[in-house]
Structure formats: structure tokens, C-alpha cells
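Overview (structure and organization)
Listed here are the chains, written in short residue letters.
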Amino acid sequence: METDQVFAGSIPEIYDRYLVPLIFDSYAVDLAKRVRAADPRRVLETAAGTGVVTRAMETRLPAHTRIVATDLNVAMLNQAKARQSESRRIEWRQADALALPFEDHSFDLVTCQFGVMFFPEKVQGYKEARRVLRPGGSFIFNVWDKISENEFADTVTEALAAFFPHDPPRFMARAPHGYHDIERIHAELEAAGFADISVDALEDTSKASRPCDPAIAYCQGTPLRREIEARDASGLEHATQMVADAMARRFGFGSIEGRIRAFVITAVH
């Protein structure tokens, strides 16, 4: 759905404040370490969002590495730039990952954290990543496993299905957790021209100090918010509270934690 890609209004700030520490930080560190191990001089990040991977790379990559961080969504990039201290080696650019405004073979490495799921045309996005890579360069990205393997997102989706039984909001299952078939991903990378492809499964634990934090993160800090408001224009706070109650029932009423699981894919030009 077209609205799956709309991160606007107050969503970027809430996303960055609540969702990034909840599920993105640890995977951003993992990607940054993988990028560092490749010792690239020039890195392109696509679908950079609010810059969690950009920040992780900036603190971990050697001084000679230059980073071009891009996203289609200006509001997300603005949030990323507001969070990032001044760095002469980071260039921020609005760019469509399916039509990158860069010359062929101009980067040593391309990385993307939890963004390819939102590409309308996956193979085209992979072709563009390969086009801008120098021979021997790597495309390193991650995707979420199915929603049942990600307990907070699963609980949110189930709670909202009970709240809207006749038209359940399915953003979380459809978009962030809708692209987990490794055989399909492998085949689409091959269709884009990649041959050397490896996959790592990476499980972690998502932690929150209180049940309402994941509820706010998912219901108000993602495009799921628009699905809720489309069903009940004044029901966002009520829906968020219902999700917080469901979180408390499943995980407890104080500090809570749940399993998260993703795949990290490396494709070499």
C-alpha cells in the first residue's frame, strides 16, 4: 500500500524517540560492525530513516571512510540530521533507492537497515544497489523475520485486530514483517545480478521500561497510525491504551522484554 511508505507529521519524532531504542539500535550496531569489517572508503546508505545506522557507522568507521546517507522521505532525513552532530564525512541526500542519483561503480559498499521491505520493486532496488557498487563491493542489509518471531509487533497486531475486528490494521504484518522469505530474497538478488549471497539469522531481545512505550512506538510512530486513524479518527489514544494493556497482560506491568528476530543479507558484486 502507498501509505505504508508515509512517515510524516509527528511520526518521525515518535519513531526516533520510542521505536529506535526499542528494536533498531542493536541491529544498527551489527550493521556498522559488518561495514567496518569490509573497510570501505565510500559507503552509501539507502532508506536511512532517522539515522540510527548512520550514527552507528559514524562512531565506528575509520576516519578515511565517507558516508552518503539517503532516504526518500525528507521528514525522516530532517530528524536524522537534527540528531547527528556535525560531521564532515557524512553527506545527507534525498534519494529514491530505486533510482539512485549516483554514477556507476561509485561506492565500495551499500547498506540498508530494514528498508528493502518498503521498496515497491525489490529487484529494481537491488539492481540500483549493484549498479553503484564497485566490482567486489558488498550490499549489506537486513529484514525482519515473520511477525510471530517478533513478539512486541505480534502483540500489537493481535490487540488491534481485537479492537477493530471487522477491519484489522495489518501494516506490521504486511510491510515490516512481510518480506521474510529467504528463498525469494535470494532469487530476487540473483535476478538483479548478484551471485555471492549469504544470510545470517540474528535474534535479539527488545526491552522497554513500561508496557505503554511499545504501544506508543508502534501505534503512533509508524504508518500503523494512519490505519488506526482511518478506522477511527479520534481513536488513536484509545487504541494505544488498548495495545498497552495487551502488552502488560502478555509481558508484565513493569519493565518488559520480548524476542525480536531478523535476517542480515550480504550480496557481493
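One structure accompanies this document, and this report is about it. (Residues numbered from 1 in each chain as written. Predicted model: local features only at pLDDT ≥ 70, side-chain atom pairs only at ≥ 80, totals over all residues. Heavy atoms only, no water.)

1. A short note on the side chain of Arg-89
Structurally, Arg-89 can be placed in the loop between α3 (74-83) and β3 (90-94). A residue is classified by how much of its surface remains accessible, and Arg-89, at 11% relative accessible area, is buried. Within polar-contact distance, the side chain of Arg-89 engages the backbone oxygen of Leu-61 at 3.1 Å. (Helix = DSSP H or I, 4+ residues; strand = E, 2+ residues; numbered from the N terminus. Buried < 20%, exposed > 50% of the residue type's maximum accessible area, 1.4 Å probe, protein only. Polar contact = N/O pair within 3.5 Å; in protein donor to acceptor, adjacent residues only side chain to side chain.)

2. Some thoughts on empty space enclosed by the protein
If you walk through the whole model with that rule in mind, you get one cavity of 30 Å³ or more. Here the largest cavity defines a volume of roughly 40 Å³. (1 Å grid on protein atoms, 1.4 Å probe; cavity = no way out; pocket = protein on both sides within 12 Å on 5 of 7 lines; lining within 4 Å. Points joined across faces, edges and corners; volume = space filled by probe spheres on them.)

3. A look at the packing of aromatic side chains
In total, this model carries 14 aromatic pairs according to the counting rule given. Ring plane angle 85° and centroid distance 5.3 Å describe the contact between Tyr-27 and Trp-144, whose orientation is recorded as edge-to-face. Pair noted here: Tyr-27 is in helix α1 (residues 11-38) and Trp-144 is in strand β5 (residues 133-144), with a separation of 117 residues, a long-range link. Accessibility classification places Tyr-27 together with Trp-144 in one group, the buried group. One aromatic cluster is present, formed by Tyr-15, Phe-24, Tyr-27, Phe-114 and Trp-144 through successive ring pairs. Sitting over the face of the ring of Tyr-179, Lys-122 holds its NZ or CZ atom 5.0 Å from the ring centroid. (Phe/Tyr/Trp six-rings, centres within 6.5 Å; stacked < 30°, edge-to-face > 60°. Lys NZ or Arg CZ within 6 Å of the ring centre and 35° of its normal.)

4. Observations regarding the side chain of Gln-113
Along the chain, the position of Gln-113 falls in strand β4 (residues 107-113). Residue classification places Gln-113 among the buried positions, given a relative accessible area of 7%. Within the structure, Gln-113 has its side chain in polar contact with the backbone oxygen of Phe-24 (distance 3.2 Å). A polar atom in the side chain of Gln-113 sits 3.3 Å from the backbone nitrogen of Ala-28. In this structure, Gln-113 is in contact with Phe-24, Tyr-27, Ala-28, Leu-31, Ala-47, Val-52, Val-53 and Asn-142, ignoring residues within four places of it in sequence. (Contact = heavy atoms within 4.5 Å.)

5. Quick notes on the environment of Ser-106
Residue position: Ser-106 is located in the loop between β3 and β4. According to the relative accessible area criterion, Ser-106 is buried, its value standing at 13%. It is 27 Å that separates the C-alpha atoms of Ser-106 and Ala-82, two residues lying 24 residues apart in sequence. Residues within four places of Ser-106 in sequence aside, it is in contact with Arg-42, Val-132 and Arg-134. One polar contact links the side chain of Ser-106 to the main-chain carbonyl oxygen of Glu-103, over a distance of 2.7 Å.

6. Side note on the nonpolar core
With 86 residues, the main nonpolar core has Val-116, Tyr-126, Phe-139, Phe-141, Leu-189 and Tyr-218 as its most contacted residues. No other element matches α1, which puts 13 residues into this core. (Core = buried A, V, L, I, M, F, W, Y, C linked by side-chain atoms within 4.5 Å.)

7. Observations regarding the pattern of salt bridges
Here the structure, examined in full by the defined rule, presents 19 salt bridges. Between Asp-104 and Arg-131 there is a salt bridge, and its shortest N-O distance comes to 2.8 Å. Placement of the pair is Asp-104 in the loop between β3 and β4 and Arg-131 in helix α4 (residues 122-132), with a sequence separation of 27 residues. Judged by relative accessible area, which is 22%, Arg-131 ranks as partly exposed. For Arg-259, the salt bridge identified is with Glu-151, shortest N-O distance 3.2 Å. Of the two residues, Arg-259 is situated in strand β7 (residues 256-268) and Glu-151 in helix α5 (residues 151-163); the sequence distance between them amounts to 108 residues. Look at Arg-259 and you get partly exposed, because its relative accessible area is 25%. With a relative accessible area of 16%, Glu-151 lands in the buried category. Taken together, the shared-partner salt bridges connect Glu-149, Glu-151, Arg-250 and Arg-259 into one network. (Salt bridge = Lys/Arg side-chain N within 4 Å of Asp/Glu carboxyl O.)

In short, geometric facts, not functional conclusions.
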